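What the coordinates show
Each chain is listed here by its residues.
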Amino acid sequence: MTSHQSTQTMKPATAAKKLGVYLEATPAEFQEGVVSRTELNALQTDPPAWLVELRQNGPHPRPVVAAKLGISIAGLARGGVTEALTTEQIEALKQESPEWLQKERATQAEVRKETIRIKEKQAEKAEKAQRAQQQ
């Protein structure tokens, strides 16, 4: 008995998300078709010119914008940024450094510190439990 494996495909929106690009900025043929796992892997390993251009200059999707600004996606929304931004617009925002961006960066730094503290506390608990088990 031979097993027939179907080709795994995904919607263009999913593929764009995995590639880290803004779907509406991709070529029409990408937006209108389906993308197989093989095609996605090929796009990641040997990106065409349009993909390289989008990754460098945008417009970038909100998760990428947030990461480039060092804030959360919710922080973007609180700052009133709801649209995709180009690399140039992101750099301009960094240069302007509005009050909301400074506040969101500080918030994000606190979140990162708290995450590290919690991980350390959990590791300490696990270590104590392991020592107690060995005794």
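In the block above lies the structure referred to throughout.
All residue numbers here refer to positions counted from 1 along the written sequence of the relevant chain. In keeping with the predicted nature of the model, local features appear solely for residues at pLDDT of at least 70, side-chain atom pairs appear and are counted solely at 80 or more, and the whole-chain, interface and lining totals rest on all residues. Heavy atoms from the whole structure form the basis of all side-chain values; hydrogens and water molecules are not counted.

Digging into the packing of aromatic side chains
Selection criterion: Working definition: rings of Phe, Tyr and Trp (its six-membered ring) pair if their centres are within 6.5 Å, and the pair is stacked with planes under 30 degrees apart, edge-to-face with planes over 60 apart, and tilted otherwise. The helix and strand labels rest on DSSP assignments: H or I over at least four residues marks a helix, E over at least two residues marks a strand, and numbering proceeds from the N terminus. Residue exposure (1.4 Å probe, protein chains only): buried if accessible area is under 20% of the type maximum, exposed if over 50%, otherwise partly exposed.
What the rule picks out here adds up to one aromatic pair. Geometrically, the ring pair formed by Phe 30 and Trp 50 is tilted, given 5.4 Å between the ring centres and 55 degrees between the ring planes. Note that Phe 30 is positioned in helix α2 (residues 28-32) and Trp 50 in helix α4 (residues 49-57), a separation of 20 residues in sequence. The exposure class of Phe 30 is buried, given its relative accessible area of 9%.

Describing the packing of helix α1 (residues 12-19) against helix α3 (residues 37-45)
Definition in use: The angle between two axes is taken between their N-to-C directions and runs from 0 to 180 degrees, where each axis is a line fitted to C-alpha atoms and a helix contributes only its stretch in contact. Here the angle decides the label: under 35 degrees means roughly parallel, over 145 means roughly antiparallel, 65 to 115 means roughly perpendicular, and every other value means oblique. Handedness of each helix crossing follows the sense of rotation of the near helix against the far helix: counterclockwise by less than a right angle gives left-handed, clockwise gives right-handed. We call two residues in contact whenever any of their non-hydrogen atoms come within 4.5 Å of each other.
Where α1 contacts α3, the two axes come as close as 11 Å, and the packing angle between them is 30 degrees. For the element pair α1 / α3, the angle class is roughly parallel. Here α1 and α3 pass one another in a crossing that is right-handed. Judged by residue contacts, Ala 15, Lys 18 and Leu 19 of α1 engage Arg 37, Leu 40, Leu 43 and Gln 44 from α3.

As for helix α7 (residues 87-96)
The periodicity of an α-helix, 3.6 residues per turn, causes residues three or four places apart in sequence to face the same way. Worth spelling out the cut-off: Here the arc refers to the set of directions running from the helix axis out to each C-beta atom.
Residues of α7 that are buried: Thr 87, Ile 90 and Leu 93. Each buried residue of α7 lies within a common arc of 120 degrees when the element is viewed along its axis, so the set occupies one face. Pointing more than 90 degrees away from the buried face of α7 are the exposed residues Glu 88, Gln 95 and Glu 96. On its buried side, α7 packs onto α4, α5 (62-69) and α8 (99-134). The positive-phi residue at the C-terminal boundary of α7 is Ser 97, with phi of around 45 degrees.

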